[in-house]
Amino acid sequence: MGSEHLAVEVEAAKIGEDEVEEPVSPTGQYFNSSALCVCILGVFESDVPIDDSQTFPLLDTLFLPINPRFSSIMVKDSHGVQQWRRVKVNLADHVKVPVFPAGLSTLTYDELVQDYVSKIATDRLPESRPLWELHIIKYPTSHGEGKVMFKLHHALGDGYSLMSALFSCVKRADDPSLPLTFPGKTAGAGFCAGGPGLVSLGMNTVRDFVWGLAKSTFVEDEVSPIRSGMEGVESRQIEMSFVTFSLDDVRRVKARIGGTVNDIICGIIFHGTQLYMQSVGCGSKSAQATALVLLNTRVIDNYKNPKDMTKPDAESPWGNQFGFIHISVPTRNGLYKDDPLKIISKVKRLIKRKKSSLGVFLTGQLLETMRRFRGPEVTAQYIHSTLKNTSMTISNLIGPNEKMSLADHPVRSFHFMVVGVPQSLTITMVSYMGKLKVAMGTEKGFIDSKLLTTCMEKAFKRIYEAALEEKP
């Protein structure tokens, strides 16, 4: 953690407990530890050149008041317990505006911005100030005329909480007086939906809990074209690549073969991963790979006002409330070799069975027990192993149906990415204006991001065409 972290602890020891705002949640402690430092990048691509003249006033009046954690640092009290402590925020420390040479081509700016994002993704946020930054890139790229990028530490909250905060800062581009609307929840029914029998519930729970325990301790995915297995992979630079699908097309596939939108997208990602591993070769099409699929455990259908989320009786409290399920990526041989729809069917069955289980909640109890008896650092190391031993993480969020505007800048596209994860491949998805944008964070120099993008596009085309041939 370095001398800076120690200095914060020393300073905290000098203050009284009555000056501390609130305890840091267990998950917040895990995500900001010696084992893990996980952040979320929220990126808005602008339709117009960036005018940053109002940045400081807007942050001061709009962003900081959303939640006290945006004005707090993590400290340890006299009992060694981590707390959020309110501090005076110097906005100049948090706003970064990189300077590149003027008059270059769009392609060159694409490369410069890619290198810049790759670097800041792995930089650790200073713990002597609140755990967020705003990066304003005032150069045109193939994605927009400029971009505004929030880097938010995962200790502040989960993707749902942080996206609620960011979406509260934007307005509808067509009519700011009207609220943004969002598509229905895409993840499908919650855990134990459908009321599985007690025997089935028990068997699924035991199986999932034991398998998750094994994957977090001694069962490790083999090295493959999507998993380098290198120690410290979370500190290596990443490349970002994207593929965009029409939500209407995804729904057409869903209408033909059933399941949820989330099932369809996971199937597309798994098939794209198969095609990539086959293209790279070296016998990798039969390599065993496991994905961690993150699921929001809140029973809600839409975003809530972030200020309401901080109230004691909030329907959906602010914080980190999610679970993850292990899904084995079907290998591209035998049954799944020539029929991509069978991959979707396999994914549907796997996710349905995983949700018909209390394995996620038992794992949560295990982490809490571990924290109480062995401390948050040991628990964080356990979570690090859970991530490191698998091949990729998949998470998704919903975005607005309508075009949004950030400080009078119409937003052309939006995406988010989770960084600092000890894996070679992280995949995120977010809907916006009828499109689903899939962002892939890949280990730089190990995964061919262009080839992976091509394989994802090919996978969607194959699944879409095969689905249209099916009877609804």
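Looking at an unreviewed UniProt entry, the chain carries the name Diacylglycerol O-acyltransferase, with the source organism given as Acorus gramineus. Regarding the chain, the relevant UniProt record gives this comment under Sequence similarities (unreviewed entry): "In the N-terminal section; belongs to the long-chain O-acyltransferase family."

A.B. asks: Help me out: how do you make sense of the nonpolar core in this one?
C.D. replies: Generally speaking, a soluble globular protein has its nonpolar side chains buried in company with each other. Judged by nonpolar contacts, the single largest core of 79 residues is most densely connected at F44, F63, F70, W132, F150, M163 and M404. Residue contacts for M163: discarding those within four places in its chain leaves I40, Y303, L397 and F414. Counting 50 residues, the second-largest nonpolar core is a separate cluster that includes I226, L247, I269 and I327.

A.B. asks: Just to check I follow, could you spell out the sheet that holds strand β1 (residues 22-23) for this structure?
C.D. replies: Picture the strands of a sheet paired through backbone hydrogen bonds; they go either parallel or antiparallel. Reading across the sheet, the three strands line up as β1-β4-β3 and stay open at both edges, with antiparallel pairing between neighbours. Strand pairing shows two members of the sheet lacking a second neighbour, β1 and β3 (72-76), which therefore form its edges. As defined by bridge partners, β3 adjoins strand β4 (residues 82-86) across five bridges and the pair is classed as antiparallel. The residue bridging S72 from the neighbouring strand is R86, located in β4.

A.B. asks: Help me understand the packing of aromatic side chains, please; the structure alone is not making it clear to me.
C.D. replies: This structure, assessed with the given rule, holds 17 aromatic pairs. With centroids separated by 5.0 Å and ring planes inclined at 40 degrees, the aromatic side chains of F100 and Y139 adopt a geometry described as tilted. In this pair, F100 is assigned in the loop between β5 (95-96) and α4 (106-122) and Y139 in the loop between β6 (132-137) and β7 (146-153), connecting sequence segments 39 residues apart. On the accessibility criterion, F100 (14% relative accessible area) is buried. Taken together, a centroid distance of 5.2 Å and an interplanar angle of 20 degrees make the contact between Y160 and Y303 stacked. Of this pair, Y160 sits in helix α5 (residues 159-167) while Y303 sits in the loop between β10 (290-296) and β11 (322-328), and the two are 143 residues apart along the sequence. Overall, the relative accessible area of 15% leaves Y303 in the buried class. An aromatic cluster is present here, built from F44, F63, F70, W132, F150, Y160, F167, F182, Y303, W318 and F414 joined pairwise through their rings. Sitting above the plane of the F242 ring, K437 keeps its charged end 4.5 Å from the centroid.

A.B. asks: What's the story with the packing of helix α7 (residues 247-257) against helix α12 (residues 449-468) in this structure? I'm lost.
C.D. replies: Helices that pack against each other are described as a pair by the angle of their axes relative to one another and the distance between those axes. Two numbers describe how α7 lies on α12: the axes approach to 9 Å, and their chain directions differ by 45 degrees. With respect to their mutual orientation, α7 and α12 come out oblique. Crossing of α7 over α12 shows left-handed handedness. Between α7, through D249, V250, R252, V253, R256 and I257, and α12, the contact on the second element is made entirely by F460, I463, Y464, A467 and L468. By residue class, the composition of the contact of α7 with α12 is eight nonpolar, no polar and three charged.

A.B. asks: Is there a simple way to explain the layout of surface pockets in this structure?
C.D. replies: A water-sized probe rolled over the atoms picks out the places where empty space is left. Quantified by volume, the largest pocket comes out at close to 860 Å³. Along the walls of the largest pocket sit 38 residues, with F322, G323, F324, G364 and L367 positioned nearest its centre. Of all elements in the fold, only α2 (26-31), α6 (198-215), β11, α10 (359-374), α11 (376-388) and β12 (392-397) reach the threshold of two or more residues within the lining of the largest pocket. Counting residues per element, the lining of the largest pocket draws most heavily on α10, at eight residues.

A.B. asks: What should I look at first to understand empty space enclosed by the protein in this one?
C.D. replies: Scanning all chains against the criterion turns up six cavities of 30 Å³ or more. Of the pockets and cavities examined, the second largest cavity occupies roughly 120 Å³. Considering the residues around the second largest cavity, the lining is formed by 16 residues, among which I238, V421, Q423, T426 and G441 are closest to the centre. Contributing elements (two or more residues each) for the lining of the second largest cavity: β14 (409-419), β15 (425-432) and β16 (435-443).

A.B. asks: For this particular structure, what's the right way to read the pattern of salt bridges?
C.D. replies: This model, assessed by the stated rule, comprises 21 salt bridges. When the shortest N-O distance is used, the salt bridge between K403 and D47 registers 2.3 Å. Of the two residues, K403 is situated in the loop between β12 and β13 (404-406) and D47 in the loop between β2 (39-46) and α3 (55-63); the sequence distance between them amounts to 356 residues. E402 is the partner of R172 in a salt bridge, and the nearest nitrogen-oxygen pair spans 3.8 Å. With R172 in strand β8 (residues 171-172) and E402 in the loop between β12 and β13, this residue pair connects regions lying 230 residues apart in the sequence.

A.B. asks: For this particular structure, what's the right way to read the sheet that holds β12?
C.D. replies: An order of β9-β16-β15-β12-β10-β11 is seen for the six strands of this open sheet, with the pairing classed as mixed. Two strands in the sheet have a free side with no partner beyond their single neighbour: β9 (238-246) and β11. For this sheet, the mean inter-axis angle between neighbouring strands, taken without regard to orientation, is 20 degrees. Where β10 lies against β11, seven bridges are found, and the strand directions are antiparallel. Within β11, the residue paired with L294 across the bridge is F324.

Cut-offs used in this document
- Residues numbered from 1 in each chain as written.
- Predicted model: local features only at pLDDT ≥ 70, side-chain atom pairs only at ≥ 80, totals over all residues.
- Heavy atoms only, no water.
- UniProt positions renumbered as here; feature names shortened; annotations may be inferred.
- Core = buried A, V, L, I, M, F, W, Y, C linked by side-chain atoms within 4.5 Å.
- Buried < 20%, exposed > 50% of the residue type's maximum accessible area, 1.4 Å probe, protein only.
- Contact = heavy atoms within 4.5 Å.
- Pairing = 2+ DSSP bridges.
- Helix = DSSP H or I, 4+ residues; strand = E, 2+ residues; numbered from the N terminus.
- Phe/Tyr/Trp six-rings, centres within 6.5 Å; stacked < 30°, edge-to-face > 60°.
- Lys NZ or Arg CZ within 6 Å of the ring centre and 35° of its normal.
- Axes fitted to C-alpha atoms, helices over the stretch in contact; angles between N-to-C directions.
- Parallel < 35°, antiparallel > 145°, perpendicular 65-115°, else oblique.
- Left-handed = near helix turned anticlockwise from the far one by under 90°.
- Nonpolar A, V, L, I, M, F, W, Y, C, P; charged D, E, K, R; others polar.
- 1 Å grid on protein atoms, 1.4 Å probe; cavity = no way out; pocket = protein on both sides within 12 Å on 5 of 7 lines; lining within 4 Å.
- Points joined across faces, edges and corners; volume = space filled by probe spheres on them.
- Salt bridge = Lys/Arg side-chain N within 4 Å of Asp/Glu carboxyl O.

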